[in-house]
Amino acid sequence: MEPSTSPTQSGERVSQGLRGVRQAARERKQGKFTALLHHVTVELLRESFLAVKRGAVPGVDGVRWREYENGLDDRLTELHSRVHRGGYRAQPSRRVYIPKADGRQRPLGIAALEDKIVQQAVVTILNEIYEVDFRGFSYGFRPGRSPHQALDALNVGLQRKRVNWILDADIRGFFDNLSHEWLMKFIQHRIADKRILRLIQKWLKAGVSEEGEWSETKVGTPQGAVVSPLLANVYLHYVFDLWVEAWREKVARGDVIVVRYADDLVVGFQHQDEAERFLREFQERLAKFGLEIHPEKTRLIEFGRFARLNRLRRGKGKPETFTFLGFTHYCGTNSAGYFAIWRRTAAKRMKAKLQQISQELCRKMHEPVTLTGEWLKRVVEGYYRYHAVPGNQQALGRFRTRVCRCWRQVLRRRSQRRPPDWDRLRPVFDRWIPLPRTLHPHPDVRFDAHIQRKSRWSRAQEKAVSGDGAVWTWNPAGQHFPGAVQIVDLYHARQHLWEIAAEHCPNDEKGRKRWLGICLERLDRGKIEALVTMPGECTPSYSQLATVVSNEADDIERNAERVRDPAFRAHGVFAGSGVMEAGCKTDIGARLKRFGRFWTVQGANAFIALRSGRLSGRFEDYWESRERIA
């Protein structure tokens, strides 16, 4: 069995071999991988089996998760053998239909359980390659990425870039019209293992079974198959992502922002002529690969910071709105009167959810109120978890009111007795249907935190600053960060300097502040030799303070080279008990933030603990090392 490690930011554990695949993909951007199937091990198949939804409906084989779990080891061993000797055969997907928000039916393909397992294993391997290649503005169906990250990126781009026009585009029937021939060409840019390519071709050519009748699939990939999202992202990576990236660099004169989630995409432009030109060339680009935009769902609208003023000058009304990932975006202002992008739940999505709840409530009409209330509470909380973004409180309040109304109508039809009125039902609604509250941070806050976390993480293995000359973090940092920069804890240094200043100038407040200001300035600038002499010139009035002065001077002098280290001055990544005590709300916390040094209360010791746990595999190692030192 290959040893496990956890090098990814998302914390997913991958085998050492897959880690090598990802590293090779980074180093050889144009290289092809000729041997990948050996990474499909019995252990990987087991992890893929556990990743399959346990309550999912079965495919054409009729096998459910619980049934396959009986004798799992033998089943996986035999499946592994078939995959490697070429005896594995893909089964057709079972065609089912689910309702869409607009009332139409969406076709889904339910794969057989063994197909799901093998597809998940192959996707795990290919993700290590394509996650290196995929562009940052692609968010759909990627590990560690979510719809809200795409929404955050869109919001930040609209507010921080000079965007005046929005192209809200949707590719018509993308999953159903995806060209197999082009898809295989795109995959062969990176994958040269014929066995992996043969597996993908088997899944594409397996066909679909609808009401017992098999039909061949010459184009498209079934929505619902485990491998389909990855194949779709690969297809659009070459058809759209690389093309739009080159178009933005070589053709566009003004700002251009791009956010894509699967086949739904939003492109923002500064100039109208560029937006119109892009739309024409985008249609030509899609036609080359057998695709087309949806004429009813694709719109080019005036939208952005200056859209309202520009439309007023031309005698037009408010800027139009657009819908992306379930939210209608519209221009507005914040409480201070500045431009802001606001979002509310799309009307079609809310209507579809209310219809679904109403139908289920009718089926549960005669069940106990407690059971129905527990179910309804889970449904409403799940709805809030996605839609409770800042500025959407009013829409969530309407949703709750309509849910209460639907439940009231059902409860009033339960019997022939006098139906309960609102006063009687209100306590029931208050108990089971939670009030809406904002659950997501503002988009710019979460977006900035995500970007900063990625940039800090990349340099964390090289430089870390631990401190106060104390045993609390000194040794653990040295153990988990070989060659890390270690410095004196500036928080405790400042704290001691305050005490020294109070004794040095007890009756002269101005003199005390002036003396302390000089010390702090020298401490901030790394003028250690001059700083060490200043506390030594003081004559403490009691022995305890004299000991503090002596120890502090020795500690600062001992760490002089580390404090002057250019890496410390440049990066300023802090960790240590003093930083923990300082906090974000104290003077030192403000100083650290002002100088671009971010690891304060929530990121200091927790940062070392988290990183040491990732390196050693045990989160408790850091805390145990503290106890041993203590």
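These remarks concern the structure in this document.

Rules behind the numbers
Residues numbered from 1 in each chain as written. Predicted model: local features only at pLDDT ≥ 70, side-chain atom pairs only at ≥ 80, totals over all residues. Heavy atoms only, no water. Helix = DSSP H or I, 4+ residues; strand = E, 2+ residues; numbered from the N terminus. Contact = heavy atoms within 4.5 Å. Areas by Shrake-Rupley, 256 points an atom, 1.4 Å probe, with all protein chains shown as cover. Pairing = 2+ DSSP bridges. Axes fitted to C-alpha atoms, helices over the stretch in contact; angles between N-to-C directions. 1 Å grid on protein atoms, 1.4 Å probe; cavity = no way out; pocket = protein on both sides within 12 Å on 5 of 7 lines; lining within 4 Å. Points joined across faces, edges and corners; volume = space filled by probe spheres on them. Nonpolar A, V, L, I, M, F, W, Y, C, P; charged D, E, K, R; others polar. Expected span 1.5 Å × (residues − 1). Buried < 20%, exposed > 50% of the residue type's maximum accessible area, 1.4 Å probe, protein only. Arc of directions from axis to C-beta. Core = buried A, V, L, I, M, F, W, Y, C linked by side-chain atoms within 4.5 Å. Parallel < 35°, antiparallel > 145°, perpendicular 65-115°, else oblique. Left-handed = near helix turned anticlockwise from the far one by under 90°. Patch = residues over 30% accessible without salt bridge, like charges linked within 9 Å, V, L, I, M, F, W, Y side chains within 5 Å. Salt bridge = Lys/Arg side-chain N within 4 Å of Asp/Glu carboxyl O. Phe/Tyr/Trp six-rings, centres within 6.5 Å; stacked < 30°, edge-to-face > 60°. Lys NZ or Arg CZ within 6 Å of the ring centre and 35° of its normal. Disulfide = S-S within 2.5 Å. Polar contact = N/O pair within 3.5 Å; in protein donor to acceptor, adjacent residues only side chain to side chain.

1. Quick word on the overall build of the protein
Move 1: When helices and strands are counted, the protein shows 28 helices and 13 strands.
Move 2: Here the contacts in the protein between residues at least 6 apart in sequence split such that 67% fall between residues at least 24 apart.
Move 3: Accessible area of the protein: about 32,000 Å², with a carbon and sulfur share of 49%.

2. What to know about the sheet that holds strand E11 (residues 322–324)
Move 1: Strand order in the open sheet made by the 3 strands is E11-E12-E13, with antiparallel pairing throughout. Among the strands making up the open sheet, the edge pair consists of E11 and strand E13 (339–345). In this sheet, neighbouring strand axes are inclined to one another by 40° on average, regardless of whether the strands run parallel or antiparallel.
Move 2: One ladder, built from 3 bridges, connects E11 with strand E12 (residues 327–333); its direction is antiparallel. Bridged to Phe324 within E12 is Phe327.

3. A few points about empty space enclosed by the protein
Move 1: Throughout the structure, instances matching the rule amount to 5 cavities of 30 Å³ or more.
Move 2: Reported here for the largest cavity is a volume of approximately 90 Å³.
Move 3: Lining the largest cavity are 13 residues, with Ser93, Gln119, Trp203, Pro222 and Ala225 sitting closest to its centre.
Move 4: Residues belonging to the lining of the largest cavity are distributed by class as follows: 7 nonpolar, 5 polar and 1 charged.

4. Here's the deal with helix H9 (residues 194–205)
Move 1: Counted at 1.5 Å a residue, the expected span for H9 with its 12 residues is 16 Å, and the 16 Å between its end C-alpha atoms agrees.
Move 2: Residues of H9 that are buried include every one of Ile196, Leu197, Leu199, Ile200, Trp203 and Leu204, and no others. Projected onto a plane normal to the axis of H9, the buried residues spread over an arc of 155° and lie on a single side.
Move 3: Along its buried surface, H9 packs onto helix H4 (72–85), helix H5 (113–133), helix H8 (180–187) and helix H10 (228–250).

5. Some points on the side chain of Ser93
Move 1: By the element assignment, Ser93 lies in strand E3 (residues 93–99).
Move 2: We classify Ser93 as buried; its relative accessible area is 7%.
Move 3: The residues touching Ser93, leaving out its near neighbours within four places in the chain, are Val60, Gly109, Ile110, Ala111, Gly207, Val208, Ser209 and Pro222.

6. Looking at the nonpolar core
Move 1: Core analysis: the largest hydrophobic core is formed by 77 residues, its most contacted members being Ile187, Phe240 and Phe278.
Move 2: For this core, the element with the most residues is H10, which contributes 12 residues.
Move 3: Of all hydrophobic cores here, the second largest spans 25 residues; its members include Met350, Val380, Tyr384 and Leu396.

7. Here we look at the pairing of strand E8 (residues 256–261)
Move 1: A large share of E8 lies buried, amounting to 6 of its 6 residues.
Move 2: Of the two faces of E8, the one carrying Val256, Val258 and Arg260 and the one carrying Ile257, Val259 and Tyr261 are both buried.
Move 3: By the bridge criterion, 6 bridges tie E8 to strand E9 (residues 264–269) in an arrangement that is antiparallel. What sits directly across from Ile257, in E9, is Gly268.

8. Focus on the packing of helix H1 (residues 16–27) against H5
Move 1: The geometry of H1 relative to H5 is characterised by a closest axis approach of 8 Å and an angle of 25° between their N-to-C directions. One finds that H1 runs roughly parallel with respect to H5. The handedness of the crossing between H1 and H5 comes out as right-handed. In this structure, H1 uses Leu18, Val21, Arg22, Ala25 and Arg26 to contact H5, whose residues at the interface are Thr124, Ile125, Glu128, Ile129 and Val132.
Move 2: Across the contact of H1 with H5, the residue classes break down as 6 nonpolar, 1 polar and 3 charged.

9. Here's the deal with unusual backbone geometry
Move 1: Positive phi, close to 55°, is recorded for Phe141, a residue that is not glycine.
Move 2: On the secondary structure map, Phe141 appears in the loop between H5 and helix H6 (147–160).
Move 3: The backbone of Ala262 sits at a positive phi, close to 60°, despite the residue not being glycine.
Move 4: Structurally, Ala262 can be placed in the loop between E8 and E9.

10. Description of the environment of Asp176
Move 1: Its location among the elements puts Asp176 in helix H7 (residues 174–177).
Move 2: The exposure class of Asp176 is partly exposed, given its relative accessible area of 39%.
Move 3: A C-alpha to C-alpha distance of 8.2 Å links Asp176 and Gln223, two positions 47 residues apart in sequence.
Move 4: Look past the residues within four positions of Asp176 in its chain and what remains in contact with it is Pro107, Val219 and Gly220.

11. Observations regarding a nonpolar patch on the surface
Move 1: Together, Phe306, Leu309 and Leu312 line one region of the surface with nonpolar side chains, adding up to about 290 Å² of accessible area.
Move 2: Position of Phe306 relative to the elements: it lies in the loop between strand E10 (299–302) and helix H12 (307–313).

12. Overview of the packing of helix H2 (residues 42–51) against H5
Move 1: Running from N to C, H2 and H5 cross one another at 115°; their axes reach a closest spacing of 8 Å. Here H2 is positioned roughly perpendicular relative to H5, judged by the angle of their axes. Along this stretch, H2 crosses H5, giving a crossing that reads as right-handed. Of H5, the residues touching H2 (which contributes Leu44, Leu45, Ser48, Phe49 and Ala51) are Leu113, Ile117, Val118, Gln120, Ala121, Thr124 and Ile125.
Move 2: Across the contact of H2 with H5, the residue classes tally to 9 nonpolar, 3 polar and no charged.

13. Thoughts on the packing of aromatic side chains
Move 1: Using the criterion set out here, one finds 23 aromatic pairs in the structure.
Move 2: Members of the aromatic cluster, joined through ring pairs, are Phe174, Phe175, Trp182, Phe186, Tyr235, Tyr238 and Phe289.
Move 3: Over the face of the ring belonging to Trp375 we find Lys364, whose NZ or CZ atom lies 5.3 Å from the ring centre.

14. Description of the state of the cysteines
Disulfides are covalent bonds that link the sulfur atoms of two cysteine residues.
Move 1: Enumeration over the complete set of coordinates arrives at 0 disulfides.
Move 2: Cysteine Cys362 shares no disulfide, and the gap to the nearest cysteine sulfur, in Cys406, comes to 8.5 Å.

15. Some details on the environment of Lys185
Move 1: Within the secondary structure layout, Lys185 lies in helix H8.
Move 2: Given the relative accessible area of 40%, Lys185 is considered partly exposed.
Move 3: A C-alpha to C-alpha distance of 9.5 Å links Lys185 and Tyr235, two positions 50 residues apart in sequence.

16. What about helix H16 (residues 422–432)?
Move 1: Every buried residue of H16 is accounted for by Leu425, Phe429 and Trp432. Buried positions in H16, seen along its axis, are confined to an arc of 75° and lie on one side of it. Exposed residues on H16 whose side chains face more than 90 degrees from its buried face are Asp423, Pro427 and Arg431.
Move 2: Those residues of H16 that are buried lie in contact with helix H14 (369–387) and helix H15 (393–412).

17. Some words on the side chain of Asn155
Move 1: With respect to the helices, strands and loops of the structure, Asn155 is situated in helix H6.
Move 2: Under the relative-accessibility criterion, Asn155 is labelled buried at 2%.
Move 3: Within polar-contact distance, the side chain of Asn155 engages the side chain of Gln159 at 2.6 Å.
Move 4: Here Asn155 is in contact with Ile341, Arg343 and Pro443, once residues within four sequence places are set aside.

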